[in-house]
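What the coordinates show
Residues per chain are reported as follows:
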Amino acid sequence: MERMTNTLARIAIVLALFALWEVLSRMGIVNPRLLPSASDTLATLCDLLRRASVRNDLLVTATEVLAAFALAVPVGALIGFLVAENRYFADVTKPLLFFAFSIPKSIFLPMFILVFGVGFSQKVGFGFFSTIFIVIMSTTTAVESIKVEYLTVARSYGATAIQTAWRVYLPSMLPVLLEALRISMIFNLTGVILAEMYASRDGIGHQIATWGENFQMKQLLAGVVMIAVIAIAFNEMIRWVETRCSHWRT
Amino acid sequence: MQPLANVTPLRSPPRAGAIQINDVGQVYKARGQDVLALSQVSLDIKPGRFVVLVGPSGCGKSTLLMMLAGLRQPTSGTILINGTPITQPDPDRVGVVFQEASLFPWLTAEDNVEFPLALRGVSKAERRARAEEALKLVGLEGFGKRHPQELSGGMKQRVSIARGLVQDPPVLLMDEPFAALDEQTRMTMGDELLRIWAATGKTVVFVTHSLTEAVYLADEVVVMSARPGRIVDQLQIPLPRPRTYEMLSGDAFSSLRDRIWRHIRKSA
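Residues numbered from 1 in each chain as written. Chains lettered and ligands numbered in written order. Predicted model: local features only at pLDDT ≥ 70, side-chain atom pairs only at ≥ 80, totals over all residues. Heavy atoms only, no water.

Take the sheet that holds strand E3 (residues 50-54) of chain B next. Residues and elements named next belong to chain B. Across the sheet, which stays open at both edges, the six strands sit in the order E6-E7-E8-E3-E9-E10 with mixed pairing between neighbours. This sheet does not close on itself; its edge strands, each paired only once, are strand E6 (94-97) and strand E10 (230-236). Ignoring strand direction, the axes of neighbouring strands in this sheet form an average angle of 20°. Its contacts with the sheet place helix H1 (residues 61-68) against E3, E6, strand E7 (171-175), strand E8 (203-207) and strand E9 (220-225), and it is angled at close to 150° to E7. (Pairing = 2+ DSSP bridges. Helix = DSSP H or I, 4+ residues; strand = E, 2+ residues; numbered from the N terminus. Axes fitted to C-alpha atoms, helices over the stretch in contact; angles between N-to-C directions. Contact = heavy atoms within 4.5 Å.)

With 18 residues of chain A at the contact, the number on the chain B side is 21 residues. For the chain A and chain B pair, buried surface summed over both sides reaches about 1,900 Å², with 69% attributable to carbon and sulfur atoms. When the buried surface of chain A facing chain B is broken down by residue, Tyr-157, Arg-167 and Trp-248 of chain A rank first, second and third, together holding 38% of it. Seen at the junction of chain A and chain B, the total is zero salt bridges. Listing elements by their share of the side of chain A that touches chain B, those giving two or more residues are helix H7 (148-156) and helix H8 (161-198) of chain A. For the side of chain A that touches chain B, the element with the most residues is H7 of chain A, which contributes seven residues. Split by residue class, the side of chain A that touches chain B holds eight nonpolar, six polar and four charged. (Buried area = accessible area lost by both parts, 1.4 Å probe. Salt bridge = Lys/Arg side-chain N within 4 Å of Asp/Glu carboxyl O. Nonpolar A, V, L, I, M, F, W, Y, C, P; charged D, E, K, R; others polar.)

As a further point, take the domain arrangement of chain A. All names here are of chain A. Assigned domains of chain A: these are domain 1 (1-35) and domain 2 (37-245). Taken together, the contact between domain 1 and domain 2 spans eight residues of the former and ten residues of the latter. Between domain 1 and domain 2 lies a buried interface of about 780 Å² when both sides are counted; carbon and sulfur atoms form 65% of it. Inspection of the domain 1/domain 2 interface yields one salt bridge. (Domains from an automatic or database assignment.)

This is the structure:
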């Protein structure tokens, strides 16, 4: 019951924001050229989604995002795992990882363009670079979240290395790993779209930048809504899996 | 995997649980120096006995228990269980009950109890049947579907005991299993453990800090001294069984507890 009223309240807030947006624009309180109304924006969004060029841009971006994600997650997880499992390696490299993590990744973007040129590999490369550090650090946290007691129990009942990995490591790490996956995607999406906005020939990030430069506010806002919906949808999907796998976490 | 179906469940062959600890020493390195954790420990435990290890912190009683479990190797000397050396964990011979919070929170109570069987590839149907039986033995019939976080501290340790017993090993090792429980639950669990012990005929080696608990449960209390850990006394507890709450205030009980306390105060 409480969950339902909360959901209703949330929907009400979102609707109220859209209504406020509509009113501000329609009444001319904010210059409609700077802020086209919500209804105009949504109409433009539908129109854009029907265009083959926009659909192609979305496909390009999606491919880049997925490629970067598919590279960064396993590679980062492997490095994170090795770092956490080897005490000496962890002691040596952990501060360095923290250094690397603290640097804003965007300052390296010009270098990616110089090395890879403008194109697919530059954007995937930058997306990978933006994501891998958070994956490494989250995996390290996930490995460290495994209690020694659990490993002792497995050992005392004669578990093999594979059984320990499968029956203790994996279920124990799963909640933290899923959370890491979710947060990694936020970094990944930001990286790829930033790379597209900075220098690109296609992709939805490139389109958004172009609409902005040409003062096409309706298209610009429609693009913003589009990316927001996609990002939220992915995030919620993982969160749904997360709650199903982490019921035991307190 | 040998067939388990025809074995009378939870009742080991009567002579299987003999433990011989012969002149065991344990040395570990700390800051480049050799530290003697255990020295010349010898102990002969007959099958079906309830033996409690007590001693000040750092006397190596938990280390000794971990060696009996095959989780650590003695630096010198030998440990025989059922006549053969224990060089690695052997769940056929030894079940271990750990301190609190050793259950896997992502598994239900029955899945936790089944865990040792699942590792050995026992079929699902047999696993379930044996887990149910073990849970029934520890008084948790009908709680199999709960997760550990839905159980009280005492119930969690009952699940741990069921997990230790599910493969029907002749020896049950218990490392301060009730240390985190409140006083009342601890007393109840002590009685429960004695009931389970009487019903199964296991050899139990039990580590505790509580002298009252030691005297109340044991056939024999082994007192150890600190650094290096060695056995300073072995007391037979002649109190009749079943043990009752009234015995706690009797003179026999107090004098046994006082004798252990004098040893520990001297060596701590």
